[in-house]
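Residues per chain, in single letters:
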Amino acid sequence: MGRGLGRVLFATVLATGLGGASAAHRPTSRVLAATGSAAPSTTAEFAVDSASLAPMTSLAPTVAPKSVSKPVVKPTTPLSHCAGVDAVPPVQKTFASCTPDQGRERITLVFVTDMHAHMHRYLPGKRSPLSVLRAYAARRRVETGGRVLFLDGGDDLEKGALFDARSEGAATLHLVDHLGLDARTLGNHDFAYGPASVMAQASTTSFPVLASNLDGPAGFGARRTITLDVGCAKVGLFGLLLPPYDELDETHDAPYLGAFTAHHDADGRYPKLAEALAKELRAQGADVVIGLNHLGMARDRPILEEAPTVDLVLSGHDHFHFGGPLRGRYGFLVDGGSFLPGQGDANGEAHVDEVTLDVDLGRHAVRLVGTKSLRLADLPDLDTDLEAEVERMQACFAPGADAPIADLAFPLRASAPAVWVPIVEAALRRRFPRADAWLFERASYGGIAKADLSEGPVSAQALADFAYVEKQKPGGPGFTALVPVTIDGAALRALCAAPTYTSWDLRVQRHCPDEIVDGQTYQLVVQRRTLYAPKRAFSTVPAGFPDAARVDVGAVEVRDLLIDHARARGAACLLLDRDLPGPCRGSS
């Protein structure tokens with residue numbers, strides 16, 4: 001998601017709600033309203049009124065767009081550099097059979113989204129959330145008699161396990177393939193590691209991958225729509241995703257990686273497209289239509305207000321979790337939140353959501369029975385086979401990621417830049433010993449730091465959890481990466497004298513030499529987003545500011561700067577945050 005978007009959206013939704021029309025004048029919906037207005041606890045269910053189901057409107061099929069010739073991008077071979085044999089047995093998916101003349105079917109949707117490579121063993125008891133998810137979904141299949149769909153709303157890659165970064169997503173996707181999903185939608189971060197990675201994701205045989213509004217190269221295997229039979233109910237699914245983010249951490253209407261084009265309505269919105277997809281699914285016999293979208297609520301909300309054929313939207317991307325359904329004019333929305341620490345829910349804990357539906361098979365109508373949300377940390381479930389595979393991925397791509405490499409005398413708070421900025425500067429000086437000046441965002445939200453670090457031993461994985469890495473544009477360095485550039489004395493003098501822009505959550509950390517000589521060249525280390533958007537730092541861009549198009553090379557992620565610096569400090573028996581003796585932690 002983009003910087004600050006979620007907070008603004010959260011306030012907007014709380015202020016306005018989802019309903020566009022008054023209750024007295026709201027058109028009849030196929031999805032009945034949930035009663036109650038207060039948000040429940042994470043394990044509470046929403047009760048629903050027992051009014052009769054509304055009939056489905058007769059719908060005509062739409063014509064699928066013509067295919068066009070595309071360049072060929074070959075998928076990668078996952079784990080080609082990882083020794084060992086995958087010994088995880090596949091999930092046995094057994095769906096309920098259909099009883100003749102059955103009038104109704106109750107189905108349960110198990111929904112996760114925005115896992116962001118949080119596959120490592122960070123849950124209490126050193127458990128991986130994937131191992132808990134796989135076991136929980138398997139249990140629910142048994143408990144419901146096979147009336148479960150396990151769905152993933154996208155953004156499975158980037159920001160989490162160090163083995164995700166070191167394997168360029170291959171290890172994460174390998175684990176997701178073993179999760180037992182019934183369907184997945186691509187998210188914007190799933191393009192982080194390049195076109196071949198995207199092709200591999202869409203080519204998986206473990207489950208169908210949706211990208212309903214995406215055109216890709218020849219051989220791109222993502223699906224426009226799918227239908228899945230659960231007992232007697234035919235469930236129709238589409239999955240929409242938003243345009244990519246650029247180096248400014250802002251969306252822009254351009255192809256992902258220059259090869260995958262995400263479409264929207266002519267006005268930049270999505271209701272017409274969603275309605276067309278829903279009609280296609282109805283024409284295929286779908287009793288219920290669900291949008292498994294990676295758009296965020298600002299883009300999903302109009303679908304509920306303007307697309308009468310869509311029953312339910314499972315919404316990803318925002319990282320906010322409301323703990324229950326939000327009602328629209330025609331249907332409901334459930335937002336899945338995120339696995340990111342501090343962003344998954346109020347306690348910063350990953351969770352899994354359930355939505356239970358009653359489907360009237362005769363009238364192709366659906367009633368929302370209830371929703372609930374469960375913290376993964378509270379679940380007793382564990383799949384030991386997948387847990388062992390998580391360990392194998394880490395041992396292969398990020399060995400020793402959890403081992404202490406340095407120690408902190410005091411905790412680091414992401415919201416307290418004054419504490420962590422000196423450590424970043426020390427790491428910068430170590431990596432760029434010839435640096436004369438530097439410039440980076442001293443942000444308290446959406447910048448370099450994303451999570452807190454406790455005092456005491458610090459591991460490489462903990463530093464990866466602390467520092468943002470978002471490859472934007474997809475396939476390139478992260479927007480927080482630091483880039484060395486050459487600058488002449490006059491330009492550096494102008495940069496050092498220029499007034500910096502400040503906002504409620506952003507300050508600029510600027511270091512300049514005491515003496516600057518005109519005609520002499522200097523090395524400036526600058527944050528990549530600032531390089532592309534100097535107006536984020538300066539009210540007036542100084543003369544001679546480096547041209548991003550010519551110098552965006554040699555970028556180093558802050559995560560890797562910090563890990564290298566911590567290893568060196570630990571090897572020298574020094575604390576990471578103080579020039580004081582600390583425990584000796586291996587060799588540099």
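Our structure's up above, just so we're on the same page.
Residues numbered from 1 in each chain as written. Predicted model: local features only at pLDDT ≥ 70, side-chain atom pairs only at ≥ 80, totals over all residues. Heavy atoms only, no water.

**Digging into the overall build of the protein**
Looking only at helices and strands, one finds 14 helices and 20 strands in the protein. Here the protein holds 588 residues, and the buried ones make up 58% of them. Restricting the contact set of the protein to residue pairs at least 6 apart, pairs at least 24 apart contribute 75%. Of the roughly 22,600 Å² that the protein leaves accessible, carbon and sulfur atoms contribute 52%. (Helix = DSSP H or I, 4+ residues; strand = E, 2+ residues; numbered from the N terminus. Buried < 20%, exposed > 50% of the residue type's maximum accessible area, 1.4 Å probe, protein only. Contact = heavy atoms within 4.5 Å. Areas by Shrake-Rupley, 256 points an atom, 1.4 Å probe, with all protein chains shown as cover.)

**Observations concerning the pairing of strand E12 (residues 332-335)**
What you see with E12 is no split at all: Phe-332 and Val-334 on one side and Leu-333 and Asp-335 on the other are buried throughout. Pairing geometry for strand E10 (residues 312-315) and E12, over four bridges, is parallel. By the bridge assignment for E12, Leu-312 is matched with Phe-332. Taken together, the two bridges between strand E11 (residues 326-327) and E12 define a ladder with antiparallel strand orientation. The residue bridging Leu-326 from the neighbouring strand is Leu-333, located in E12. Remark: four residues form the turn of the hairpin made by E11 and E12, two consecutive strands paired antiparallel. (Pairing = 2+ DSSP bridges.)

**Things to note about unusual backbone geometry**
The peptide bond linking Gln-472 to Lys-473 adopts the cis configuration, its omega dihedral lying at 0°. With respect to the secondary-structure elements, Lys-473 resides in the loop between helix H10 (460-466) and strand E18 (482-488). For Lys-159, which is not glycine, the phi torsion reads 85° and is therefore positive. Mapped onto the fold, Lys-159 is located in the loop between strand E2 (148-152) and helix H3 (162-166). A residue is classified by how much of its surface remains accessible, and Lys-159, at 7% relative accessible area, is buried.

**So, the environment of Val-91**
Structurally, the position occupied by Val-91 is in the loop between helix H1 (5-16) and strand E1 (104-112). The class of Val-91 is partly exposed, set by a relative accessible area of 24%.

**Here's the deal with the state of the cysteines**
Defined simply, a disulfide is a covalent bond joining two cysteines at their sulfur atoms. According to the stated counting rule, one finds three disulfides in the structure shown. One disulfide bridge connects Cys-496 with Cys-512, the sulfur atoms lying 2.0 Å from each other. Every disulfide takes its handedness from the sign of the S-S torsion; for Cys-496 and Cys-512 that torsion is -100°, giving left-handed. Here Cys-496, found in helix H11 (residues 489-497), pairs with Cys-512, found in the loop between strand E19 (508-511) and strand E20 (521-527); they are 16 residues apart in sequence, far enough to count as distant. Look at Cys-496 and you get buried, because its relative accessible area is 18%. Through a disulfide, Cys-573 is tied to Cys-584; the S-S separation comes to 1.9 Å. For the disulfide bridge between Cys-573 and Cys-584, the dihedral angle about the S-S bond is near 110°, and by the sign convention the bridge is right-handed. (Disulfide = S-S within 2.5 Å.)

**Observations concerning the nonpolar core**
Core analysis: the biggest nonpolar cluster contains 108 residues, and Leu-133, Phe-163, Leu-214 and Phe-220 have the highest contact counts within it. Per-element accounting of this core gives the leading share, six residues, to helix H9 (residues 417-431). In this structure Phe-163 touches Met-119, His-120, Ala-171, Thr-172, Leu-175, Val-390, Met-393, Gln-394, Phe-397 and Ala-398, once residues within four positions along its chain are discounted. Counting 27 residues, the second largest nonpolar core, distinct from the first, contains Val-235, Leu-292, Phe-332 and Val-359. (Core = buried A, V, L, I, M, F, W, Y, C linked by side-chain atoms within 4.5 Å.)

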